[in-house]
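Here is how the chains run, residue by residue.
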Amino acid sequence: MEVKNEKIKEILSILSRFLQGKEEALRLSLITFFSKGHLLIEDLPGLGKTTLAIGIAKITGLSFGRIQATSDLLPTDITGLSVYNKQLEKFEFHPGPIFNNVVLVDEINRATPKTQSALLEAMGEKQVTVEGESYRLPRPFFVIATQNPVEQYGTFPLPESQMDRFMMKISIGYPSREAERDILKGGSKREELYSVEPVLDKDEVLKMQEEIDAVYISDRIIEYILDIAERTRSSKYFSAGLSIRGTLTIAKTAKTSAYFNGRDYVIPEDIKELLPYTVPHRVILHEVYENTDHKELVLSVLESIPVPA
């Protein structure tokens, strides 16, 4: 595993040049990518979300597609559609931007619920159905969706079923004063990003994902995950706790964290450090607690769970 661990270090080192001060967000994004999940980033515009998505595609040698969500975006603008070919006298399917390995859905909560639902099958089943025909999406397949804070004008809240399909929800945030000073001195490096040489290719990415699947997770770690799920389901604060997809997410991301750290087994810290990003967006608070800091409340409940020795 050490060789692959060095590859991860190299990827982080290269992309950190383009995402100054965003190293933690970059690490979490890569954990989600190699865990075969999807990422939701909630942040204000202009903080490097597009650069992050392009960087992951370039460094892994994968195809990149971008969908700008607006109120008039149609489901077929995402999936593609069939167009009649006069010469061949038949309909031909023209794939949409979802048929890329890395897909950035920018400002997803500006799209209408009907259009948002077009992403559900793609994210959950790795396929889309258009006019009765199903089409498999490429492997690997990774969606990075960004959303504006819900208070902003013209946004539609994501349904719980779609929130649950995001493996992690993170925020990039503003860079430090020192990092922003460097950005102002050096200017945008977006153009340089397009000429970055891949560190991995598609086959290597798929192989690494298989190696991560094989990382060992002991019975006591599984019991710890079940304790977390049970606490969210029985707590007086939540009307809905973790789904089975949520517990699988905790296990998958813990394996990837272990792999990144050069281990072939999971330890409790792999789970605990990722809980702020894998759990809060999946649970629903009772109405009486809606004005409470959602993330802080969830983490305070989970903090009381004994960590395996």
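Computed from a prediction, not measured in an experiment: that's the story for all the values here.

## Some words on the overall build of the protein
Counting its regular elements, the protein contains 14 helices and eleven strands. In summary, the protein has a C-alpha radius of gyration of 20 Å against a globular reference of 19 Å for 309 residues, a match within 12%. Expressed as lengths along the three principal axes of its C-alpha atoms, the size of the protein is roughly 70 × 45 × 40 Å. Put simply, the protein has 309 residues, and 49% of those count as buried. Within the protein, contacts between residues at least 6 apart in sequence are counted, and of these 76% link residues at least 24 apart. Summed over all atoms, the accessible surface of the protein reaches about 15300 Å², with 51% contributed by carbon and sulfur.

## Some thoughts on empty space enclosed by the protein
Inspection of every chain in the model, using the stated rule, returns one cavity of 30 Å³ or more. If you add up the space inside the largest cavity, you get close to 30 Å³. Lining of the largest cavity is provided by Ala69, Leu73, Ile78, Val105, Ile108, Ala111, Thr115, Gln116 and Leu119. Residue composition of the lining of the largest cavity, grouped by class: seven nonpolar, two polar and no charged.

## Observations regarding the pattern of salt bridges
Oppositely charged side chains can form a pair if their charged atoms are brought close together. For the structure shown, the criterion picks out twelve salt bridges. Here Asp106 makes a salt bridge to Arg66, at a shortest N to O gap of 2.7 Å. Taken together, the residues span a long stretch of sequence, with Asp106 in strand 5 (residues 102-106) and Arg66 in strand 2 (residues 64-68) at a distance of 40 residues. Using a relative accessible area of 10% as the deciding quantity, one classes Asp106 as buried. The class of Arg66 is partly exposed, set by a relative accessible area of 39%. Among the salt bridges present, the one from Lys207 reaches Glu211, with a minimum N-O distance of 2.9 Å. On the criterion of helical spacing, the pair formed by Lys207 and Glu211 is a turn pair, its members being four residues apart in helix 9 (residues 202-213). The exposure class of Lys207 is partly exposed, given its relative accessible area of 44%. Connected through shared salt-bridge partners, Glu24, Arg27 and Glu273 make up one network.

## Quick notes on the nonpolar core
Ranked by size, the top nonpolar core spans 64 residues in total, and within it Phe34, Ile228 and Ile271 carry the most contacts. Beyond its immediate stretch of four places on either side in the chain, Phe34 contacts Ile8, Leu200, Val205, Met208, Gln209, Ile212, Thr256 and Phe260. Leu40, Val103, Val130 and Met163 belong to the second largest nonpolar core, which has 23 residues in total.

## Some words on the sheet that holds strand 2
Taking strand neighbours across the sheet as the criterion, the five strands line up as 2-5-8-1-9 in an open arrangement whose pairing is parallel. Two strands in the sheet have a free side with no partner beyond their single neighbour: strand 2 and strand 9 (168-170). Going across the sheet, the axis of each strand differs from the next one's by a mean of 15°, ignoring polarity. In terms of strand pairing, strand 5 meets strand 8 (residues 142-147) through four bridges, oriented parallel. Paired with Val105 across the two strands is Ala145, which belongs to strand 8. In the packing of helix 2 (residues 23-34) onto the sheet, the strands contacted are strand 1 (39-42), strand 8 and strand 9, and the crossing angle to strand 9 comes to about 165°. Along the sheet face, helix 3 (residues 49-59) touches strand 1, strand 2, strand 5 and strand 8 and points at about 170° away from the line of strand 5.

## Some details on the confidence of the model for the protein
Confidence in the prediction of the protein, expressed as mean pLDDT, is 86, and 94% of residues score 70 or more. Mean pLDDT in the protein bottoms out at helix 8 (residues 190-193), which sits at 72, and peaks at helix 11 (residues 244-260), which reaches 95.

## Looking at unusual backbone geometry
A cis geometry characterises the amide bond from Arg139 onward to Pro140, with omega recorded as -10°. Looking at the secondary structure, you find Pro140 in the loop between strand 7 (133-136) and strand 8. The phi dihedral of Glu107 is positive, around 55°, even though this residue is not glycine. Even without being a glycine, Lys126 presents a positive backbone phi close to 60°. Residue placement: Lys126 occurs in the loop between helix 5 (113-125) and strand 6 (127-130).

## Brief notes about the packing of helix 2 against helix 11
Direction vectors running N to C along helix 2 and helix 11 enclose 115°, while the axes themselves pass 9 Å from each other. The handedness of the crossing between helix 2 and helix 11 comes out as right-handed. Contacts between helix 2 and helix 11 involve Arg27, Leu30, Ile31 and Phe34 on the former and, on the latter, Thr253, Thr256 and Phe260. Looking at the contact of helix 2 with helix 11 residue by residue, the class counts come to four nonpolar, two polar and one charged.

## Considering the layout of surface pockets
Taken as a whole, the largest pocket encloses approximately 930 Å³ of empty space. The wall of the largest pocket is formed by 28 residues, among which Met163, Lys169, Pro280, His281 and His294 lie closest to the centre. Put simply, the parts of the chain that give the lining of the largest pocket at least two residues each are helix 6 (160-163), strand 9, helix 13 (275-278), strand 11 (284-285) and helix 14 (294-303). Per-class residue counts for the lining of the largest pocket are 14 nonpolar, six polar and eight charged.

About the thresholds
- Residues numbered from 1 in each chain as written.
- Predicted model: local features only at pLDDT ≥ 70, side-chain atom pairs only at ≥ 80, totals over all residues.
- Heavy atoms only, no water.
- Helix = DSSP H or I, 4+ residues; strand = E, 2+ residues; numbered from the N terminus.
- Rg over C-alpha atoms; globule rule 2.2 N^0.38 Å.
- Buried < 20%, exposed > 50% of the residue type's maximum accessible area, 1.4 Å probe, protein only.
- Contact = heavy atoms within 4.5 Å.
- Areas by Shrake-Rupley, 256 points an atom, 1.4 Å probe, with all protein chains shown as cover.
- 1 Å grid on protein atoms, 1.4 Å probe; cavity = no way out; pocket = protein on both sides within 12 Å on 5 of 7 lines; lining within 4 Å.
- Points joined across faces, edges and corners; volume = space filled by probe spheres on them.
- Nonpolar A, V, L, I, M, F, W, Y, C, P; charged D, E, K, R; others polar.
- Salt bridge = Lys/Arg side-chain N within 4 Å of Asp/Glu carboxyl O.
- Core = buried A, V, L, I, M, F, W, Y, C linked by side-chain atoms within 4.5 Å.
- Pairing = 2+ DSSP bridges.
- Axes fitted to C-alpha atoms, helices over the stretch in contact; angles between N-to-C directions.
- pLDDT = per-residue confidence, 0-100.
- Left-handed = near helix turned anticlockwise from the far one by under 90°.

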